[in-house]
Amino acid sequence: MAGCVSRVELSVTCRSLLDRDLGSRSDPLCVLLHDAGGGCWIELDRTERIKNCQNPEFCKKLVVDYYFEKVQKLKFGVYDIDNKSFDLNDDDYLGGIECTLGQVVSSSVFTRPLELRQGKPAGKGTITVSAEEIKDTRVLCLEIEARNLDKKDLLGKSDPFLEFYKQNDAGMWQLVYRSEVVIKNNLNPCWRKISAPLQTFCGGDFNKPIKVQCADHDSDGSHDLIGTFETNLTQLQKAGDGSAVEFECIHPEKKQKKKSYKNSGIIRIKSCKIETEYSFLDYVMGGCQINFTVGVDFTGSNGDPKSPDSLHYMSPDGINEYLIAIWSVGSVVQDYDADKLFPAFGFGAQVPPSWQVSHEFALNFNPSNPYCQGIQGIVDAYRQILSQIRLYGPTNFSPIINHVARFAAHSAEQGTASQYFILLIITDGEITDLDQTRQAIVNASKLPMSIIIVGVGEADFKAMEFLDGDNGVLKSLTGEPAARDIVQFVPFRQFKNAPHEALSQMVLAEVPKQLVSYYKWQGWPPVKPPEIKM
């Protein structure tokens, strides 16, 4: 396997985007995809959406691993987002480009005209991408409030937000952070805690100039400047332990026109801390074991395994979609588990000797020791059990989710980042216990656990997409939200003609973030933290 040389963050700006909205300007978002082979493009990252803007400067950086020895084909796509759906297929395409990561990192500034398709320009639209290597994994945490900001709205007070800029090597100001929350009608706002990579803010140079801009948010995108000031990290670090650092917010035009002008308000830095942010590899190399469990759907809707129409039917070469999913995901995950013993379960079948329906039976028929030796052990157990059970129903996910959650809860009680659990559920999608499954996922979101669902066959997977939570935070029936997003759903049919590794890349893409987010939420460092090299 190629060794990752480094990680880079990509800054994206666009100019003169097409206007697809009637009565207002487009609401653009940029998505980054990479070529996984076989004509299959997989999403790596996406920016935030900016309302009513034809010349967006995206604040969210796109992060990608850079391999010198690989040609890494990338696709940047810009979309006009007019709904809350995560899926971009129902949004207007404003143009895109294809390039390689090598082209981007070897250019100080990489600008290309946007195209709607090859050879068809997207009006006068352009995209500019600049790359910066991520060398510093520390995080800057700021708590900021303001006093007596200027009133900008005729019928109300200002709706202030903050933007931070750093000076690049060419002396130009580059947007590095935009505060998430626009505080409505408040001239004395206290913003939500800011947390951003130190590298992004100042490249690790504590004396590099930082410009802070405070503006009044307008829904049509024509934000009004309240004021601005310049500082650096050395000055900001004086805040903390009860003593704030204050800056006058100055509007340049007002200062020039009025002799009596003092300022447009005071920005107070209440706290400035630099924290260490651990990566997925920090946790894995620090001793975290990843425990892999498989749950296989044996309900009647799959069809009789002896029939060629069945999803459990073995082709002449001895495979089916269930086995391909087990191999694809398991072959990656097994490298992170020392003993290579994987529990494997089935659900929704009548099992001998009583022929009662079970929603949590061991594939090896040994409930006290459901472990299979390696991925091949799971495959062998699956092949053997097909002729020994009767496919039935209903399709209940919650028992197997709760089963793995019990182990994850026991591990969490240790209070260390030593074990993380991945549950792979392979199903034809006809879920019966949706409400109980929602509750099980919400409970599991507080544990060191991720759930991957691979949908096989041609069913309507709306329930699976709902559980994925990409279109909003998943909530239990009582309204309790998931503490974090732990479910990744992928329909197998999207990968039928793609290399097997494309499926594993897609379903496992979120796991590193989910693992890191859990341990960060708990405040647990790796069991053996890396040595900090300054």
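Residues numbered from 1 in each chain as written. Predicted model: local features only at pLDDT ≥ 70, side-chain atom pairs only at ≥ 80, totals over all residues. Heavy atoms only, no water.

1. Focus on the overall build of the protein chain
So, step 1. Across its full length, the protein chain carries 12 helices and 26 strands.
So, step 2. Its C-alpha radius of gyration of 26 Å places the protein chain within 12% of the 24 Å reference for a compact globule of 534 residues.
So, step 3. With the principal axes as the frame, the protein chain shows a C-alpha extent of 95 × 55 × 50 Å.
So, step 4. Taking all contacts inside the protein chain whose residues are at least 6 apart in sequence as the whole, residues at least 24 apart take part in 71%.
So, step 5. As presented, the protein chain carries roughly 25600 Å² of accessible surface, and 50% of it is formed by carbon and sulfur atoms. (Helix = DSSP H or I, 4+ residues; strand = E, 2+ residues; numbered from the N terminus. Rg over C-alpha atoms; globule rule 2.2 N^0.38 Å. Contact = heavy atoms within 4.5 Å. Areas by Shrake-Rupley, 256 points an atom, 1.4 Å probe, with all protein chains shown as cover.)

2. A look at the pairing of strand S18 (residues 341-347)
So, step 1. With six of seven residues buried, S18 lies mostly within the body of the structure.
So, step 2. Note: strand S17 (residues 289-297) against S18, four bridges, orientation parallel. Across the sheet, the residue bridging to Gly295 is Phe345, located in S18.
So, step 3. Since S17 and S18 lie parallel, the crossover through helix H6 (residues 321-333) that links them has a hand, and here it is right-handed.
So, step 4. When S18 meets strand S22 (residues 371-373), the two strands line up antiparallel, connected through three bridges. Pairing of Pro343 across the sheet is with Tyr371, part of S22. (Buried < 20%, exposed > 50% of the residue type's maximum accessible area, 1.4 Å probe, protein only. Pairing = 2+ DSSP bridges. Right-handed = clockwise from strand over helix to strand, strands pointing away.)

3. Overview of the nonpolar core
So, step 1. Core analysis: the biggest nonpolar cluster contains 86 residues, and Phe292, Phe298, Leu363, Ile378 and Met449 have the highest contact counts within it.
So, step 2. Both domain 1 (6-134) and domain 3 (281-522) contribute no fewer than three residues apiece to this core.
So, step 3. Sequence-distant contacts of Leu363, defined by excluding residues within four places in its chain, comprise Val296, Phe298, Ala344, Phe345, Gly346, Ile378, Ala381, Tyr382 and Ile385.
So, step 4. Judged by nonpolar contacts, the second largest core, of 31 residues, contains Phe164, Tyr177, Ile226 and Ile267. (Core = buried A, V, L, I, M, F, W, Y, C linked by side-chain atoms within 4.5 Å. Domains from an automatic or database assignment.)

4. Brief notes about helix H7 (residues 374-385)
So, step 1. The terminal C-alpha atoms of H7 lie 17 Å apart, and with 12 residues this matches the ideal 16 Å at 1.5 Å per residue to within 8%.
So, step 2. Taken residue by residue, H7 has Gly374, Ile375, Gly377, Ile378, Val379, Ala381, Tyr382 and Ile385 as its buried positions.
So, step 3. Those residues of H7 that are buried are in contact with S17, H6, S18, strand S21 (361-362) and S22. (Expected span 1.5 Å × (residues − 1).)

5. Comments concerning the sheet that holds strand S15 (residues 245-248)
So, step 1. As summarised here, the arrangement of the four strands in space is S12-S9-S16-S15, forming an open sheet in which the pairing is antiparallel. For this open sheet the edge positions go to strand S12 (194-197) and S15, each flanked by a neighbour on one side alone. Neighbour-to-neighbour, the strand axes of this sheet turn through a mean angle of 30°, independent of strand direction.
So, step 2. Across four bridges, strand S9 (residues 138-147) lies against S12 in antiparallel orientation. In the strand pairing of S12, Leu140 is matched with Ala196. (Axes fitted to C-alpha atoms, helices over the stretch in contact; angles between N-to-C directions.)

6. Section: helix H11 (residues 500-508)
So, step 1. Turning to H11, its buried residues are Ala502, Leu503, Ser504, Val507 and Leu508.
So, step 2. In the core, the buried residues of H11 are packed alongside strand S3 (41-46), H6, strand S25 (449-455), strand S26 (487-491) and helix H12 (511-522).

7. Comments concerning the side chain of Asp80
So, step 1. Position of Asp80 among the secondary structure elements: in strand S5 (residues 73-80).
So, step 2. One buried charged residue, Asp80, remains without a salt bridge, the closest side chain of opposite sign being Arg49 at 6.3 Å.
So, step 3. Apart from the residues within four sequence positions on either side, Asp80 is in contact with Arg20, Asp21, Ser26, Asp27, Asp91, Asp92 and Leu94. (Lys, Arg positive; Asp, Glu negative; His and termini not counted. Salt bridge = Lys/Arg side-chain N within 4 Å of Asp/Glu carboxyl O.)

8. Quick notes on the domain arrangement of the protein chain
So, step 1. One can read the domain layout of the protein chain as domain 1 (6-134), domain 2 (138-276) and domain 3 (281-522).
So, step 2. At the interface, 15 residues of domain 1 touch 14 residues of domain 2.
So, step 3. Taken together, both faces of the contact between domain 1 and domain 2 bury some 1000 Å²; the carbon and sulfur share is 38%.
So, step 4. Three residues, Glu57, Cys59 and Glu132, lead the burial of domain 1 against domain 2; their summed loss comes to 44% of the area buried on that side.
So, step 5. Linking domain 1 to domain 2 there are two salt bridges.
So, step 6. The closest approach of N and O atoms between Lys166 and Glu132, which form a salt bridge, is 2.8 Å.
So, step 7. Those elements giving two or more residues to the side of domain 1 that touches domain 2 turn out to be strand S1 (6-15) and strand S8 (120-134). (Buried area = accessible area lost by both parts, 1.4 Å probe.)

9. Focus: the packing of H6 against H7
So, step 1. Axis separation between H6 and H7 bottoms out at 10 Å; the angle between their running directions is 165°. Judged by the angle between their axes, H6 and H7 are roughly antiparallel. Of the two possible hands of crossing, H6 and H7 adopt the one that is right-handed. In this structure, H6 uses Tyr322, Leu323, Ile326, Trp327, Gly330 and Ser331 to contact H7, whose residues at the interface are Ile375, Gln376, Ile378, Val379, Tyr382 and Arg383. (Parallel < 35°, antiparallel > 145°, perpendicular 65-115°, else oblique. Left-handed = near helix turned anticlockwise from the far one by under 90°.)

10. A short note on the sheet that holds strand S19 (residues 349-351)
So, step 1. Judged by pairing direction, the sheet is antiparallel, and its three strands sit side by side in the order S20-S19-S23 without closing on themselves. One side of each edge strand has no neighbouring strand; the edge strands of this open sheet are strand S20 (356-358) and strand S23 (390-391).

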